[in-house]
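Structural overview
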Amino acid sequence: MKNPRFITVFSLLVLLVVITISPLGARDINSRVGTSAFPFLKINIGARAVSMGGAFTGLADDETSLYYNPAGIASLEGRRLVADYHNYFVDLQSGFVGYIHQLNEKNFFAGYINYLNYGTFIETDELGNVTPEGEFGGGDLV
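The structure contained in this document is the topic of the report that follows. This one's a predicted model, so the numbers in the text were calculated from it and none came from an experiment.

Moving on: the packing of aromatic side chains. Considering all chains together, one arrives at 5 aromatic pairs under this definition. Connected via pairs of aromatic rings, a cluster forms that spans Phe56, Tyr67, Tyr68, Phe96 and Tyr112.

In structure tokens, the structure reads:
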């Protein structure tokens, strides 16, 4: 009959190896998360939330809760307006405007607009020559 202590120690060792190695392959499953569609939604708004590194979902108790956790507007009273603007390097500009209106004790009307402008680019062909069309721009809007 085999030693039960040996089996327990061996089982724990195998479990430890499996737990250690399995995340190495799992990270490749979603290695491109957030790199293609709407990456501008990762730009935080509001000085308080930015100072917390964007970890604001559970604390959202001001006007910026429209962005982080819309359920947070239930703790607000009256009418609220929030506006945020970032002027980044290389002509990148983003903005956020939101409005909250308390209809009665339990109902609110709220909405926001979030945008990112990528600036102007010089259009070239495959060889790097400037095309006759000249310039183009891009942006995102939510």
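Pairing is antiparallel in the open sheet, where 4 strands are placed in the order E1-E2-E3-E4. The strands lining the two open edges of the sheet, one partner per strand, are strand E1 (79–87) and strand E4 (130–141). Ignoring strand direction, the axes of neighbouring strands in this sheet form an average angle of 10°. Sheet analysis places strand E2 (residues 93–102) next to strand E3 (residues 108–124), joined by 10 bridges and oriented antiparallel. Along E3, the bridge assignment pairs Tyr99 with Gly111.

With respect to the helices, strands and loops of the structure, Tyr67 is situated in helix H3 (residues 65–68). The spacing of Tyr67 and Leu41 is 26 residues in sequence and 9.3 Å in space, taken between C-alpha atoms. Apart from residues lying up to four places away in sequence, Tyr67 is in contact with Leu41, Lys42, Ile43, Ile45, Phe96 and Asn114. Polar contacts involving the side chain of Tyr67 include one to the main-chain carbonyl oxygen of Ile43, which spans 3.2 Å.

Evaluation of the coordinates by the stated rule reveals 3 salt bridges. With its nearest N and O atoms 3.7 Å apart, the salt bridge here joins Arg48 to Asp62. In this pair, Arg48 sits in helix H2 (residues 47–51) while Asp62 sits in the loop between H2 and H3, placing the two residues 14 residues apart along the sequence. Here the residues in one salt-bridge network are Arg48, Asp61 and Asp62, joined through shared partners.

It is worth spelling out the environment of Gln93 at this point. Among the structural elements, Gln93 can be located in strand E2. Residue Gln93 is classed as partly exposed on the basis of its relative accessible area, which comes to 27%. The sequence separation of Gln93 and Tyr118 amounts to 25 residues, and the corresponding C-alpha distance is 6.8 Å. Beyond its immediate stretch of four places on either side in the chain, Gln93 contacts Tyr85, His86, Asn87, Tyr115, Leu116 and Asn117.

On to the side chain of Thr131. Along the polypeptide, Thr131 turns up in strand E4. Overall, the relative accessible area of 14% leaves Thr131 in the buried class. Not counting residues up to four positions away in its chain, the partners in contact with Thr131 are Glu123, Thr124 and Asp125.

How each quantity is defined
Residues numbered from 1 in each chain as written. Predicted model: local features only at pLDDT ≥ 70, side-chain atom pairs only at ≥ 80, totals over all residues. Heavy atoms only, no water. Phe/Tyr/Trp six-rings, centres within 6.5 Å; stacked < 30°, edge-to-face > 60°. Pairing = 2+ DSSP bridges. Helix = DSSP H or I, 4+ residues; strand = E, 2+ residues; numbered from the N terminus. Axes fitted to C-alpha atoms, helices over the stretch in contact; angles between N-to-C directions. Contact = heavy atoms within 4.5 Å. Polar contact = N/O pair within 3.5 Å; in protein donor to acceptor, adjacent residues only side chain to side chain. Salt bridge = Lys/Arg side-chain N within 4 Å of Asp/Glu carboxyl O. Buried < 20%, exposed > 50% of the residue type's maximum accessible area, 1.4 Å probe, protein only.

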